[in-house]
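Remarks on the overall topology
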Amino acid sequence: MNPSEPQVRCTDQHVSWVRHRDIHLLTVGRYTYTGDQRFRSINQPPSEDWTLQIKYPQIRDSGIYECQISTTPHISQYIHLQVVEPRTDIIGGPEIFIDRGSTINLTCVVLHSPEPPSYIFWNHNNAIISYDSPRGGVNVVTEKGTVTTSHLLIQEARVEDNGRYQCNPSNSQPKSINVHVLNGEYPAAMQHGGQAHQRTTHMYCLIFFACMLLHV
């Protein structure tokens, strides 16, 4: 959710703010007419700008707000406010399988964020991953933008790399994925170079097809 306080502005001395969702009169001048203390009207003399401030914005605050100016004729201005909630996702989750010795490539994306996260931490089994640990071969590449992407690369995957990995952006909820490093004992959904290959389904289809031929 956007942690900033949205402010919509209107100009004049006699200003009312109305929320269109429920046609609720929020403020008149400096007076507040709602029990929700997150709303207030701000004016800094000698400026004629009147600002409606909403503290701790929520998704339900999205919608149309009307600024009404008490003039003759009546003047109104409509402002559409959209409160967005950043979302975190890890591509390929919630379970991936990879061969021992391959490279684990986890990609975390942060969507619908008004501004890029100031940081992204990766955890392994609830412990923050250290990129300069004695294990070596661990790197993170983060690309910030409208959609922020963070790549966690772990070379020469080992059995001890099994477990739960979590992506923790500064401005969004964390997201987790379970990584299974295979020791050559089970050809399940495998990941090679970051690409998952579902082989088990094809194997079952071939077995089923062979059984059908035997019964013809």
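Above: the structure in question.
In this report, we go over the structure that sits alongside the text.

Cut-off values and rules
Residues numbered from 1 in each chain as written. Predicted model: local features only at pLDDT ≥ 70, side-chain atom pairs only at ≥ 80, totals over all residues. Heavy atoms only, no water. Disulfide = S-S within 2.5 Å. Helix = DSSP H or I, 4+ residues; strand = E, 2+ residues; numbered from the N terminus. Buried < 20%, exposed > 50% of the residue type's maximum accessible area, 1.4 Å probe, protein only. Pairing = 2+ DSSP bridges. Axes fitted to C-alpha atoms, helices over the stretch in contact; angles between N-to-C directions. Core = buried A, V, L, I, M, F, W, Y, C linked by side-chain atoms within 4.5 Å. Contact = heavy atoms within 4.5 Å.

For the rest of this paragraph, the subject is the state of the cysteines. Within the structure shown, the criterion is met by one disulfide. Covalent S-S linkage joins Cys108 and Cys167, the inter-sulfur distance amounting to 2.1 Å. On the S-S bond that ties Cys108 to Cys167, the torsion sits near -75°, and the link is left-handed. In this pair, Cys108 sits in strand 11 (residues 104–111) while Cys167 sits in strand 16 (residues 163–169), placing the two residues 59 residues apart along the sequence. For Cys108, a relative accessible area of 0% translates into the label buried.

In terms of residue burial, strand 15 (residues 148–154) counts as a mostly covered element, since five of its seven residues are buried. Of the strand pairs in this sheet, strand 11 and strand 15 are connected by seven bridges, and their pairing is antiparallel. Residue pairing for strand 15: Asn105 is matched across the bridge by Leu153. Inspection of the sheet shows strand 14 (residues 138–143) paired to strand 15 by six bridges, in the antiparallel sense. Each residue of the ladder has a partner; that of Thr142, found in strand 15, is Ser150. The antiparallel hairpin formed by strand 14 and strand 15 contains four residues in its connecting segment.

Between Pro45 and the following residue, Pro46, the backbone shows a cis peptide bond with an omega angle of 5°. Relative to the elements of secondary structure, Pro46 occurs in the loop between strand 5 (39–43) and strand 6 (49–54). In this chain, Thr72 is followed by Pro73 through a cis amide linkage whose omega measures 0°. Following the sequence through the fold, Pro73 ends up in the loop between strand 7 (63–69) and strand 8 (75–81). Positive phi, close to 50°, is recorded for Ile23, a residue that is not glycine. Inspection of the secondary structure assignment puts Ile23 in the loop between strand 2 (15–19) and strand 3 (24–28). Note on Ile23: relative accessible area 62%, which makes it exposed.

Taken in spatial order, the four strands make up an open sheet running 9-11-15-14, and their pairing is antiparallel. Either end of the sheet is taken by a strand with one partner, and the two such strands are strand 9 (87–90) and strand 14. Across the sheet, the mean angle separating the axes of adjacent strands is 15° when strand polarity is ignored. Of the pairings in the sheet, the one linking strand 9 to strand 11 comprises four bridges and is antiparallel in character. Looking at the pairing, Thr88 lines up with Val110 of strand 11.

Right, let's talk about the nonpolar core for a bit. Judged by nonpolar contacts, the single largest core of 19 residues is most densely connected at Ile104, Leu106, Trp122, Leu152, Tyr165 and Val179. Within the residue set of this core, elements represented by two or more residues are strand 10 (95–99), strand 11, strand 12 (120–124), strand 15, strand 16 and strand 17 (175–182). If one sorts the elements of this core by residue count, strand 11 sits on top with four residues. In this structure Tyr165 touches Ile90, Ile104, Leu106, Asn123, His124, Ile129, Leu152, Ile154, Lys175, Ser176, Ile177 and Val179, once residues within four positions along its chain are discounted. Counting residues in hydrophobic clusters, the runner-up holds 13 residues, among them Val15, Trp17, Leu26 and Trp50.

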